[in-house]
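# Summary of the model geometry
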Amino acid sequence: MNRSDFPILNQQVHGKPLVYFDNAATSQKPQCVIDAISEAYSTWNANIHRGTHHLSQVATAKHEEARTILANMIGAKSSKEVLFTRGTTEGLNMLAFSFGEAFIRSGDEITVSAMEHHSNIVPWQMLCQRKNAVLRVIPLRDDLTLDLAAYEHLLSPRTKLVSIAHVSNVLGIINPVEEIIRLAHAHNVPVCVDGAQSAPHLPVNVQALDCDFFVCSGHKMYAPTGIGLLYGKEQWLNQLPPYQGGGEMIQHVSWEGTTYNELPYRFEAGTPDYVGSYAWGVAAQYMQQCGIETIAAHEKQLIAYAEQQLNALAAELSSQISRIAIYAAGQKKAGVLSFNIYDAAGNLIHPFDLGTLLDQLGVAVRIGHHCAEPLITHLQVPGTIRISFGLYNTTDEVDLLIAALKRAIQILV
Ligand code: PLP
């Protein structure tokens, strides 16, 4: 893993070396990905699938090769099961629409968890509204892990789909998705895994997980913005109606009606982002060269180190602050860590104030509800400070964060 592969990191912000700890929002891009975009537009750009001419054939081959690279990366049985989307959000909306049209009737239930991102809540709420269905929520235990006993009770003949985050974008907790899938399958219920925060940090194998659907976003995985994927088992995708009409999703169109193309094209209306898919393939190969296990181990070590250093800071500043609340401290996590700091009187130091001062000191963190308002409401805070790691982050940068926090606390209390 070579930090110098990422040109953007080599800069100063407000006169301080940039520490980029906002990878859960989006990752930075290695030079090979930046070059791939430039190469595409400089040498082979042409619209795909429809051309007899050379450039179109090259572009088509690049797009389809990328699909194969990504299918292999997530362990899909066939590249037909990988549908390109604009990102996780679009994948979940596609699924909510298509699955909803095919399978959801009045009174049916869809189950999500209390730690979901809005992208894995709102499309299901919209579906429930359209179909007069019911959204059920798996509650959290006191330690903020999912209450699996309560989950088992929620599963019933009315349950038609479970959609669950693999890794929480606020807590970083790795959910026991294998167990969740096993329990759902025992009731013949399919499961969608929101992999937006797992695929960048952990090896993923959809066949080993046995999930029925899986979604993730390229831009969180060192690839450009605007490209993501929805994986679905072939037998499920074959039962779903298309999401959008037009372009390559058709077989024949006449005034009498339209017949639809085969997988995966049936779900890819309009000109796909073939430059994005190609660059994502390059990013995936870059991750594979670094070694996904190696990335996972490196980031796990960063989380452990950050938790340890935050605790040490709380002890050191015990006359100025009463505590640093690390959410889900010590749980199995990937990539993400959230915390809040309380002053000596026990009042929350507003995360917005800390985030603003950290930025002045060159440290990019995210503060707020992180598009998971129900979870933040459950935590009874206005927001958290979230740090999230990429393969290029270092323990030295964690030290810079701790030094910056110390400065900020001294200014604020
Ligand atoms: N789901 C989770 C768990 C996320 O963390 C995110 C983004 O932060 C999303 C879904 C939405 O991803 P995107 O904005 O790339 O569609």
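## Some details on the domain arrangement of the chain
- Domain assignment breaks the chain into domain 1 (3–29 + 292–412) and domain 2 (31–290).
- Spacing between the C-alpha centres of domain 1 and domain 2 amounts to 29 Å.
- Facing the 41 residues of domain 1 at the interface are 37 residues of domain 2.
- Contact between domain 1 and domain 2 buries roughly 3,200 Å² in total, counting both sides, with carbon and sulfur atoms accounting for 62%.
- By the criterion of area lost to domain 2, the three top residues of domain 1 are Lys29, Ile292 and Leu375, representing 22% of everything that side buries.
- Our count for the contact surface shared by domain 1 and domain 2 stands at 20 residue pairs in polar contact (both at pLDDT 80 or more).
- Counting only elements with at least two residues in the side of domain 1 that touches domain 2, the list comes to helix H10 (292–316), strand E14 (336–343), helix H12 (373–379) and strand E18 (384–388).
- Taken together, the residues of the side of domain 1 that touches domain 2 sort by class into 21 nonpolar, 12 polar and eight charged.

## Things to note about the side chain of Lys220
- Tracing the sequence through the fold places Lys220 in the loop between strand E9 (213–217) and strand E10 (228–232).
- Comment: no salt bridge for buried Lys220; closest opposite-charge side chain is Asp22, at 8.1 Å.
- Reaching out from Lys220, the side chain makes a polar contact with the backbone oxygen of Ala24 at a distance of 2.8 Å.
- Within polar-contact distance, the side chain of Lys220 engages the backbone oxygen of Ala25 at 3.1 Å.
- Apart from the residues within four sequence positions on either side, Lys220 is in contact with Ala24, Ala25, Ser27, Ala196, Gln197 and Pro200.

## Quick notes on the site of the ligand
- Around the ligand, the structure places Ala24, Thr88, Thr89, His117, Ser119, Asn169, Asp194, Ala196, Gln197, Ser217, His219 and Lys220.
- Contact between the ligand and His219: an oxygen atom at 2.7 Å from a side-chain N or O atom of the residue.
- The side chain of Lys220 places a nitrogen or oxygen atom 2.6 Å from an oxygen atom of the ligand.
- For the ligand, whose free accessible area comes to 400 Å², the fraction covered by protein is 86%.
- Residue composition of the shell around the ligand, grouped by class: two nonpolar, eight polar and two charged.

## Brief notes about helix H13 (residues 395–412)
- Here H13 spans 25 Å end to end across 18 residues, near enough to the 26 Å set by a 1.5 Å rise per residue.
- Among the residues of H13, those classed as buried are Glu397, Val398, Leu401, Ile402, Ala404, Leu405, Ala408 and Ile409. When H13 is viewed along its axis, its buried side chains cluster within an angular range of 165° and face the same direction. Across H13 from its buried face, at more than 90 degrees, point the exposed residues Asp396 and Ile411.

## Considerations on the nonpolar core
- Membership of the largest hydrophobic core comes to 79 residues, with the highest contact counts inside it found for Tyr151, Leu171, Phe214 and Trp280.
- The element contributing the most residues to this core is helix H9 (residues 274–290), with 11 residues.
- For this core, the domains that each give at least three residues are domain 1 (3–29 + 292–412) and domain 2 (31–290).
- Beyond its immediate sequence surroundings of up to four residues, Leu171 is in contact with Met115, Leu144, Tyr327, Ala328, Lys333, Val336 and Leu375.
- In terms of nonpolar packing, the next biggest core, distinct from the first, is built from 32 residues, Phe339, Leu361, Ile402 and Leu405 among them.

## Focus on the sheet that holds strand E6 (residues 134–138)
- Ordered in space as E4-E10-E9-E8-E7-E5-E6, the seven strands form an open sheet in which the pairing is mixed. Each edge of the open sheet is held by one strand with a lone partner, namely strand E4 (82–85) and E6. With strand direction ignored, the average angle separating the axes of adjacent strands in the sheet is 20°.
- Where strand E5 (residues 109–113) meets strand E7 (residues 159–165), three bridges bridge the pair, whose relative direction is parallel. Counted as the bridge partner of Glu109 is Thr159 from E7.
- Against the sheet, helix H6 (residues 177–186) contacts E7 and strand E8 (191–194), and its axis sits at roughly 165° relative to E8.

## Details of the pattern of salt bridges
- For the structure shown, the criterion picks out 16 salt bridges.
- Lys131 is the salt-bridge partner of Glu101, the closest N and O atoms lying 3.7 Å from each other. Highlighted residues: Glu101 in helix H3 (residues 88–103) and Lys131 in helix H4 (residues 122–131), separated in sequence by 30 residues.
- Overall, Glu101 belongs to the partly exposed group, its relative accessible area being 34%.
- One salt bridge connects Lys233 with Asp212, and the closest N-O pair in it is separated by 3.3 Å. Note that Lys233 is positioned in the loop between E10 and helix H8 (234–237) and Asp212 in the loop between helix H7 (206–209) and E9, a separation of 21 residues in sequence. Comparing Lys233 with Asp212, the two get one shared label, buried.
- Through salt bridges with shared partners, a single ionic network connects Asp22, Arg366 and Arg386.

Calculation notes
Residues numbered from 1 in each chain as written. Predicted model: local features only at pLDDT ≥ 70, side-chain atom pairs only at ≥ 80, totals over all residues. Heavy atoms only, no water. Domains from an automatic or database assignment. Contact = heavy atoms within 4.5 Å. Buried area = accessible area lost by both parts, 1.4 Å probe. Polar contact = N/O pair within 3.5 Å; in protein donor to acceptor, adjacent residues only side chain to side chain. Helix = DSSP H or I, 4+ residues; strand = E, 2+ residues; numbered from the N terminus. Nonpolar A, V, L, I, M, F, W, Y, C, P; charged D, E, K, R; others polar. Buried < 20%, exposed > 50% of the residue type's maximum accessible area, 1.4 Å probe, protein only. Lys, Arg positive; Asp, Glu negative; His and termini not counted. Salt bridge = Lys/Arg side-chain N within 4 Å of Asp/Glu carboxyl O. Near = heavy atom within 4 Å. Areas by Shrake-Rupley, 256 points an atom, 1.4 Å probe, with all protein chains shown as cover. Expected span 1.5 Å × (residues − 1). Arc of directions from axis to C-beta. Core = buried A, V, L, I, M, F, W, Y, C linked by side-chain atoms within 4.5 Å. Pairing = 2+ DSSP bridges. Axes fitted to C-alpha atoms, helices over the stretch in contact; angles between N-to-C directions.

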